[in-house]
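A look at the structure
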Amino acid sequence: MSDGHGTTPNTPPGWASNQPPPYGNASGSPWTTPGSGPDMPPPQQPYGQQAPPYQHDPHDRQAPPYGYRPPPPALRPGIIPLRPLSLGDILDGAIKLIRSNPKSVLGLSAIAAALGAIPVAVGQAIRLGEVGTTLSQSSSLDGQPEAGFLTQYGPSLISYMVQFVAVTLLSGVLTRILGRAVFGGKMTVGEAWQLTRSRVPTLFGLVAVGMLILLVPVAAVVALLFAMASAGAGVGATVLAGAVALLGFLAYSLFITTRLALAASVAVLERRGVVDSLSRSWRLVSGGFWRTLGILLLTQIIAGLVGMVLSFPFTLAGSAVGIIGQGSSGTRIAAAILIAVGVTVGAMITYPFQAGVNGLLYADRRMRAEAFDLVLQTAAIEQQRQGWVHASADDLWDPSVTPGGPGRPGQAGQGSPWPYS
């Protein structure tokens, strides 16, 4: 019991009853250690005391491991980095192919596009002139005699045949230009043609064989539907069979065209024959079929949209001139010129873009399947040391002369003219 002048029984000797707790902040106490308040920074390490070493958390996927060094950027002497390519690398490389050598690429593409566009433009101008004449006479289109087969489809057939020749030659020449552009080199139109003209029969052979492979199932489907109709099958069964056959042909055509998409690049850069180029493309696409198919479909969509946007103003103006001109010779010529210019402008951009994507897909598949990027890097380093791109760099694409390449039976590594060995 206290009389008010001593300490309470629970108070230690020498302490006042309202004495704050000992220095160090007991749990739950409103008193805090100096320098450790909520708004105060944490105390610094005493002088001479070392911080504990960094401990990498293996569960932290964002933090790099201790001592990690990012790999150096891939060597890029030309339009692509010399490593397996991503989708962005392929699309960017196709655009850089046009920008790196615009005179050769766009000049050749414009010639090929114009040769294919002129027959179509003439046919459309003739039909537009007939529509304008009919409208000026205020008569119904149904009362006019129908145009003949040649008037309706002749220009388109001629255009397809011209495009078949022009685009086939263009793809071969552009592939040869691309083979040099990978190393940062340029090539004139004359030099590209000199290196490509010996491959022209092979290119036409590839196109012919590819068309034959696609047309054989079409003939089989037509024969099947004709047999069903002759046997008295119902309309519903015939339509259903036709729909199933159409879907089957679509899947078949996508499979075949994807597997054989690299054949033209093989024929030009590796100097192989028709059958050998087709089988080589088939093997290269193995293991990357779905990726190759997706990139090819995306390329077709991009090319179609770009071509439509570029040609639409000219086509619209030509259509208006052809209809308003009421079929006069001057307006038909003007309409044909406008339509031809529109088709040419669109195609001269989309043709090299598509050819560039196909060629870079070929390079990518070789780098992934054959470690071909190591060959390209070795050559590029030597070219940088010499300060220029030698014409013999074109031989690097041929496995029969590339050291360590797969080659052909009995030819790999024999008599290699590779200048960098």
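Cut-off values and rules
- Residues numbered from 1 in each chain as written.
- Predicted model: local features only at pLDDT ≥ 70, side-chain atom pairs only at ≥ 80, totals over all residues.
- Heavy atoms only, no water.
- Helix = DSSP H or I, 4+ residues; strand = E, 2+ residues; numbered from the N terminus.
- Buried < 20%, exposed > 50% of the residue type's maximum accessible area, 1.4 Å probe, protein only.
- Contact = heavy atoms within 4.5 Å.
- Areas by Shrake-Rupley, 256 points an atom, 1.4 Å probe, with all protein chains shown as cover.
- pLDDT = per-residue confidence, 0-100.
- Axes fitted to C-alpha atoms, helices over the stretch in contact; angles between N-to-C directions.
- Parallel < 35°, antiparallel > 145°, perpendicular 65-115°, else oblique.
- Nonpolar A, V, L, I, M, F, W, Y, C, P; charged D, E, K, R; others polar.
- Expected span 1.5 Å × (residues − 1).

1. Observations concerning the overall build of the protein chain
Within the protein chain, the secondary structure is distributed over 11 helices and 0 strands. Along the protein chain, helices (α) and strands (β) appear in the sequence α-α-α-α-α-α-α-α-α-α-α when read from the amino end. When burial is assessed residue by residue, the protein chain has 35% of its 421 residues classed as buried. Of the contacts formed within the protein chain by residues at least 6 apart in sequence, a portion of 72% connects residues at least 24 apart. Accessible surface, the protein chain: about 24,200 Å² in total, of which carbon and sulfur atoms supply 66%.

2. Examining the confidence of the model for the protein chain
When pLDDT is averaged along the protein chain, the result is 77; 68% of the residues meet or exceed 70. Predicted confidence in the protein chain is weakest over helix α2 (residues 102-136), with a mean pLDDT of 73, and strongest over helix α8 (residues 274-285), with 95. Within the model, the stretch residues 23-31 combines pLDDT values under 50 with 9 contacts to residues more than four positions away or in other chains. Throughout residues 139-147 the model reports pLDDT below 50, and contacts reaching past four residues in sequence, or to other chains, amount to 8 contacts.

3. Observations regarding the packing of helix α5 (residues 200-230) against helix α6 (residues 235-259)
Relative to each other, α5 and α6 sit at 175 degrees, their axes nearing to 10 Å. The orientation of α5 relative to α6 falls into the category roughly antiparallel. Two secondary-structure elements touch here, α5 through I213, L214, P217, V218, V221, L225 and M228 and α6 through A237, T238, A241, G242, A245, F249, Y252, S253, I256 and T257. Taken together, the residues that form the contact of α5 with α6 break down as 13 nonpolar, 4 polar and no charged.

4. A few points about helix α10 (residues 329-370)
The end-to-end C-alpha distance of α10, which contains 42 residues, comes to 60 Å, matching closely the 62 Å that a straight helix rising 1.5 Å per residue would cover. Positive backbone phi, approximately 55 degrees, marks A371, located one or two places after α10.

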